[in-house]
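Report on the structure
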Amino acid sequence: MKKIYFLLFHLIIISCENMVKKNKIMPLVTIEKKDFGKTKDGVNTNQFILKNKSGMEISVINYGGIITSWKAKDRKGNYKDIVLGFNNLSQYEAGSPYFGAIIGRYGNRISKGKFALNGENYTLAVNNGENHLHGGLKGFDKVVWDTKEVVNDSTASLVLSYVSKDMEEGYPGNLEVQVIYTLNNNDELSVKYEAISDKKTIINLTQHSYFNLSADFNKNILDHEILINADSFLPVDSTLIPTGEIRNVRETPFDFRKPKKVDEEINAINKQLEFGIGYDHCWVLNNQDKGLRFVASAYESGTGRLLEIFSDQPGIQFYSGNFLDGTLKSKIGGNYDFRSGFCLETQHYPNSPNEKDFPSVTLNAGKKYVSETIFKFSSK
Ligand code: GLA
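Description of the structure in this document. Position numbers for residues count from 1 along each chain, tracking the sequence in the order it is written. Reporting in this predicted model follows two pLDDT cut-offs: at least 70 for local features of residues, and 80 or more for side-chain atom pairs to be given and counted; totals over whole chains, interfaces and linings ignore these cut-offs and use all residues. To obtain the side-chain values, all non-hydrogen atoms of the structure were used and water was disregarded.

Bringing the overall build of the protein chain into the picture now. To qualify as a helix, a DSSP run of H or I must reach at least 4 residues; to qualify as a strand, a run of E must reach at least 2; elements of each kind are numbered from the N terminus. If you tally the helices and strands in the protein chain, you get three helices and 27 strands. Relative to the 2.2 N^0.38 estimate, which gives 21 Å for 380 residues, the radius of gyration of the protein chain is 22 Å and therefore close to what a compact globule would have. Seen along its three principal axes, the alpha-carbon backbone of the protein chain occupies a region of about 85 × 45 × 45 Å. Among the 380 residues that make up the protein chain, the fraction classed as buried is 54%. Here the Shrake-Rupley method, with its probe set to 1.4 Å, supplies the accessible areas, and only the displayed protein chains count as covering residues. Summed over its atoms, the accessible surface of the protein chain is roughly 16900 Å², and 52% of this surface lies on carbon and sulfur atoms. When charges are counted, Lys and Arg are positive and Asp and Glu negative, with His and the chain ends excluded. Every charge is mapped onto a representative atom, which is NZ of Lys, CZ of Arg, CG of Asp or CD of Glu. Computed over 46 positive and 45 negative side-chain charges, the separation of the two mean positions in the protein chain equals 6 Å. Our radius of gyration is a C-alpha quantity, and the globule rule it is checked against amounts to 2.2 Å times the number of residues to the power 0.38. The cut-offs for exposure are 20% and 50% of the maximum accessible area for each residue type, with area from a 1.4 Å probe on protein chains only; residues under the lower value are buried, those over the upper are exposed, and the others partly exposed.

This part takes up the environment of Pro 97. Tracing the backbone through its elements, the reader meets Pro 97 in the loop between helix 2 (89–94) and strand 6 (101–103). Apart from residues no more than four positions distant in its own chain, Pro 97 is found in contact with His 208, Tyr 210, Leu 324 and Leu 328. Contact criterion: two residues are considered in contact whenever any of their non-hydrogen atoms come within 4.5 Å of each other.

A single heavy atom is enough: if one lies within 4 Å of a molecule or strand, its residue is considered near that molecule or strand. Within the structure, the ligand sits among 14 residues, and Arg 109, His 134, His 208, Asp 280 and Glu 345 are positioned closest to it. His 208 has a polar side-chain atom sitting 2.9 Å from an oxygen atom of the ligand. Under this definition, polar contacts are N or O atom pairs within 3.5 Å; protein pairs additionally need one hydrogen-donor-capable and one acceptor-capable atom, and for neighbouring residues in sequence, both atoms have to be side-chain atoms. Note that an oxygen atom of the ligand is positioned 2.4 Å from one of the side-chain N or O atoms of Asp 280. Taken by itself the ligand offers 300 Å² of open surface, and the protein chains cover 95% of this. Judged by its atoms lying within 2 Å of the grid points, the ligand is housed in the largest pocket. Three residue categories are used. Nonpolar comprises Ala, Val, Leu, Ile, Met, Phe, Trp, Tyr, Cys and Pro, charged comprises Asp, Glu, Lys and Arg, and polar comprises the others, including Gly. Its residues placed into classes, the shell around the ligand shows seven nonpolar, four polar and three charged. The rule is simple: put a 1 Å grid over the protein atoms alone, call a set of points where a 1.4 Å probe fits but cannot get out a cavity, call an open set with protein on both sides within 12 Å along at least five of seven lines a pocket, and count a residue as lining if it has an atom within 4 Å of a point. Should more than half of a molecule's atoms lie within 2 Å of a pocket's or cavity's grid points, that molecule is taken to sit in it.

What follows covers the sheet that holds strand 12 (residues 155–164). Between any two strands, at least two bridges found by DSSP are needed for them to pair. Taken together, nine strands build an open sheet; the order of strands is 11-12-13-14-27-23-22-17-20 and the sheet is antiparallel. Of all the strands in the sheet, the pair left with one neighbour each is strand 11 (146–151) and strand 20 (260–261). Sheet topology places strand 12 next to strand 13 (residues 175–184); ten bridges connect them, and they run antiparallel. From the neighbouring strand, Val 159 faces strand 13, where its bridge partner is Ile 180.

Looking now at the state of the cysteines. A pair of sulfur atoms, both from cysteines and within 2.5 Å, is called a disulfide here. This structure, assessed with the given rule, holds zero disulfides. Summary of cysteine pairing: Cys 282 is not part of a disulfide, and the nearest cysteine sulfur, belonging to Cys 343, is at 13 Å. Judged by its relative accessible area of 2%, Cys 282 is buried. Take Cys 343: its relative accessible area is 0%, and that puts it in the buried class.

This part takes up the nonpolar core. In this text, buried Ala, Val, Leu, Ile, Met, Phe, Trp, Tyr and Cys residues form a nonpolar core when linked through side-chain atoms within 4.5 Å. Trp 70, Phe 211, Trp 283 and Phe 318 are the most contacted members of the largest nonpolar core, which has 63 residues in total. Broken down by element, the residue count for this core peaks at five residues, all from strand 13. Excluding residues within four positions of it along the chain, Trp 283 makes contact with Ile 228, Ala 230, Ser 232, Phe 233, Val 249, Phe 254, Phe 256, Pro 314, Gly 315, Ile 316 and Phe 318. Tyr 63, Leu 84, Ile 103 and Cys 343 belong to the second-largest nonpolar core, a separate cluster that totals 19 residues.

Moving on to the layout of surface pockets. Grid points are joined across faces, edges and corners, and a volume is the space filled by probe spheres set on the points. There is about 340 Å³ of room inside the largest pocket. In terms of lining, the largest pocket is formed by 21 residues, of which the most central are Pro 97, Tyr 98, Tyr 210, Tyr 319 and Phe 323. Residue composition of the lining of the largest pocket, grouped by class: eight nonpolar, nine polar and four charged. Taken as a whole, the second largest pocket encloses approximately 200 Å³ of empty space. Thr 39, Lys 40, Asp 41, Val 43, Tyr 63, Glu 93, Lys 138, Lys 142, Val 143 and Val 144 together form the lining of the second largest pocket.

Time to look at the environment of Asp 74. Note that Asp 74 resides in the loop between strand 4 (67–73) and strand 5 (79–81). Separated by 232 residues in the primary sequence, Asp 74 and Leu 306 have C-alpha atoms spaced 8.5 Å apart. Non-local contacts of Asp 74, meaning those with residues more than four positions away in its chain, are made with Thr 303, Arg 305 and Ser 379.

Looking now at the pattern of salt bridges. Any two side chains of opposite charge can pair, given that their charged atoms come close. Should a side-chain nitrogen of Lys or Arg be within 4 Å of a carboxyl oxygen of Asp or Glu, the pair is scored as a salt bridge. Overall, the coordinates contain 13 salt bridges when judged by the stated rule. Among the salt bridges present, the one from Glu 130 reaches Lys 112, with a minimum N-O distance of 3.6 Å. Highlighted residues: Glu 130 in the loop between strand 9 (120–123) and strand 10 (132–133) and Lys 112 in the loop between strand 7 (109–110) and strand 8 (114–117), separated in sequence by 18 residues. With a relative accessible area of 40%, Glu 130 lands in the partly exposed category. Between Glu 194 and Lys 368 there is a salt bridge, with its nearest N and O atoms 3.5 Å apart. Here Glu 194 is found in strand 14 (residues 188–197), whereas its partner Lys 368 is found in strand 27 (residues 368–379), with 174 residues between them in sequence. A network of salt bridges, in which partner residues are shared, links Asp 231, Asp 255 and Arg 257.

Once that is clear, we can look at the sheet that holds strand 3 (residues 57–61). Strand pairing in a sheet relies on backbone hydrogen bonds. The paired strands run either parallel or antiparallel. Spatially, 1-2-3-4-5 is the arrangement adopted by the five strands of the open sheet, whose pairing is antiparallel. The open sheet terminates on both sides in strands that have one partner only, identified here as strand 1 (30–38) and strand 5. Each strand axis lies, on average, 20 degrees off the axis of its neighbour in the sheet, ignoring direction. Fitted lines through C-alpha atoms give the axes, limited to the stretch in contact for helices. The angle between two N-to-C directions lies from 0 to 180 degrees.

This brings us to unusual backbone geometry. A negative phi angle is the norm for most residues apart from glycine, just as the trans form is the norm for most peptide bonds. Omega for the bond connecting Gly 104 with Arg 105 falls within 30 degrees of zero, at 0 degrees, which places this linkage in the cis form. Tracing the chain through its elements places Arg 105 in the loop between strand 6 and strand 7. Residue Asn 108 is not a glycine yet carries a positive backbone phi of 75 degrees. Assignment of secondary structure puts Asn 108 in the loop between strand 6 and strand 7.

Following this line, the structure appears as structure tokens:
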């Protein structure tokens, strides 16, 4: 009898040890690294696939830190790709409207590409009509980032690093940047941005994924219900530069304080919608003093997919894909037509360096820039 107890005891100990070992060998969130081909300048790139235990799968390439695919579950539990993008590197290099990319050094527009800092005038590339957009001719969306994978028991992170040289694209200061994508088992992706400069500079980093929660890129996004936790937005001029006014959303098509379908008012007669060819504006988010908080959501009733966004940023650019015109080939066959994807880009306000009343985008020498946005998926 004693022998049997002894044996049983040992069996239990061994199976416990195996369970622990198994967990160590097989973390619940994993990263797989693959080759993604060479850039036209001959630089090798990689694709990283972050996978969690429930089935979310996110592919990131180190060219532009681009999220090339993002599988999220519908109400039946099916995980499908819900972001616009391309199948290969050459398509991204040939010309992408910032699909899935990290944007820097300055997300969105700076009027005429000019700003002053410490009494010095700086001139940036003018790459969007008469304005500077999304970091210039070769912004962070077009550079190859260094990578490091960090896998823990319940999260997996891809750490992307890049050193932007003093005066690169016209911006002052050597800037060391890190963007950390972390996936957990609750279908949440955290995007953390960190940067430090050796000279006073300006910075406004964001993530430029185009979502279509139906997972059918041949459909437009007009039936998505958007909520933006903002009492006001920034009206723009005809070149999409904020006028400086902060306008209440009440009784305007810009009121998304309760979930509203994109097409409910997108065709209203409204000067701002005319300038944006739809929505392409920055909302002034509520609770700016609260740090990381809920800022916006998007819901697609056909599939039940819900995206909730949390951020520490003061603004969010809601862009309804108005410049997509059917000329780019989609991942699933067909083309990306007008409004087949939308962006919710958490950020500081456009043209802040030239608007003293907007929250500051100045980064002092030696001071650390830190920011975080979380994208959380579920279904209902
Ligand atoms: C941002 C801008 C848009 C457009 C897209 C990229 O969302 O606000 O006007 O430039 O990026 O096409």
